[in-house]
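Summary of structural features
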Amino acid sequence: MASQSIPTGAPPGFPKPTNYLPAADLPRALERCRVLLDELLQHEDGWVFAKPVDTYEPGLGDYHSEIRQPMDLGTVRRRLERRRYQNPLCFASDVRRTFRNAMTYNYKGDDVYKSADVLSRIFESGWASISATLQSPPPVAERRARLKDELPRLPVDLQEKAAVIMKDVGGWIQEVDGRVEVDLDKADEATLDKLEWLLALATMRKVIILSIWSPCDSIWAA
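Note that this is a predicted model, so its numbers are computed, not measured. (Residues numbered from 1 in each chain as written. Predicted model: local features only at pLDDT ≥ 70, side-chain atom pairs only at ≥ 80, totals over all residues. Heavy atoms only, no water.)

What about the overall build of the protein?
What the protein contains, in helices and strands, is 8 helices and 2 strands. Its helices and strands in sequence order give the protein the pattern α-α-α-α-α-α-α-β-β-α, from N to C terminus. Sequence-distant contacts, at least 24 apart, represent 68% of the contacts inside the protein between residues at least 6 apart. A total accessible area of about 13,600 Å² is found for the protein, and carbon and sulfur atoms account for 52% of it. (Helix = DSSP H or I, 4+ residues; strand = E, 2+ residues; numbered from the N terminus. Contact = heavy atoms within 4.5 Å. Areas by Shrake-Rupley, 256 points an atom, 1.4 Å probe, with all protein chains shown as cover.)

Set out below in structure tokens:
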């Protein structure tokens, strides 16, 4: 089993983290994940894990036979940016897999192994504060009541997605006498998870719009 070599020279620069935290719980948690990810990438050894392992590099031809689920921090970043994570735990799983793969493939004492060990410790330290803010989901009845109240406020395109999700469990969202009504009585927890993700997506859309527009950009500004 060959070891990855760490070339000399400075890593490419990465954007600095921001302290901006959206109001909704999920976007706020994912933003904190992004800040932590930036900290890892900006570490002096972070660039080593910023892209997939190049298996064409000499000595790494057996990488995929040893590592069945490759992962890297660059892929984690793209998944965050494209909103692929439905909860912070999935983010944590991918980051841990990145370092676990490196420490599995490389011998203890190798440069890459040491870097993975250091960054893994930094991650776990930062993740502890994020994890402490995560709460167990409320009772199913409470979640259903909240969704019945909030789903009718979603944009039409997200209401259509909600309708598709609920159809599988015998539920529906439709307009009745000029009002949007929701039937979630048969929705299980997995379905509620998907519907709550739509609420979070709607919130993130608002956050993006607010972060792009500023009164200072107004054409009426003096």
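After presenting the structure, the write-up continues.
Some words on the environment of Leu147
Secondary-structure assignment places Leu147 in helix H6 (residues 140-150). For Leu147, a relative accessible area of 0% puts it in the buried group. Sequence separation of Leu147 and Asp183 is 36 residues, and the distance between their C-alpha atoms is 9.8 Å. (Buried < 20%, exposed > 50% of the residue type's maximum accessible area, 1.4 Å probe, protein only.)

Some words on the pattern of salt bridges
Summed over all chains, the structure comprises 13 salt bridges. One salt bridge connects Arg79 with Asp94, and the closest N-O pair in it is separated by 2.7 Å. Of this pair, Arg79 sits in helix H3 (residues 73-81) while Asp94 sits in helix H4 (residues 88-105); the two residues are 15 residues apart in sequence, bridging distant segments of the chain. Here Glu189 ties to Arg143 by a salt bridge, and the two come within 3.8 Å at their closest N and O atoms. Highlighted residues: Glu189 in helix H8 (residues 189-212) and Arg143 in helix H6, separated in sequence by 46 residues. Taking the relative accessible area as the measure of exposure, Glu189 reaches 45% and is therefore partly exposed. For Arg143, a relative accessible area of 2% puts it in the buried group. (Salt bridge = Lys/Arg side-chain N within 4 Å of Asp/Glu carboxyl O.)

A look at the confidence of the model for the protein
Put simply, the protein has an average pLDDT of 77, and 77% of its residues get 70 or more. Low pLDDT, under 50, characterises residues 1-24; the predicted model gives this stretch 55 contacts beyond four residues in sequence or across chains. When the criterion is pLDDT under 50, residues 208-222 qualifies, and its contacts beyond four places in sequence or with other chains add up to 3 contacts. (pLDDT = per-residue confidence, 0-100.)

A few points about the packing of aromatic side chains
Aromatic ring pairs are described here by two measures, namely the spacing of the ring centres and the angle between the planes. Applying the stated rule across the entire model yields 5 aromatic pairs. Arranged with centres 6.1 Å apart and planes meeting at 85°, the rings of Tyr85 and Phe91 form a pair that is edge-to-face. The exposure class assigned to Phe91 is buried, which follows from its relative accessible area of 0%. A connected cluster of aromatic rings, assembled from ring pairs, spans Tyr85, Phe91, Phe123 and Trp127. (Phe/Tyr/Trp six-rings, centres within 6.5 Å; stacked < 30°, edge-to-face > 60°.)

Side note on the environment of Leu80
Topologically, Leu80 is positioned in helix H3. Judged by its relative accessible area of 15%, Leu80 is buried. Sequence separation between Leu80 and Arg34 is 46 residues, and the spatial gap between their C-alpha atoms is 7.2 Å. Apart from the residues lying within four places of it in its own chain, the contact partners of Leu80 are Leu30, Cys33, Arg34, Leu37, Tyr85 and Phe91.

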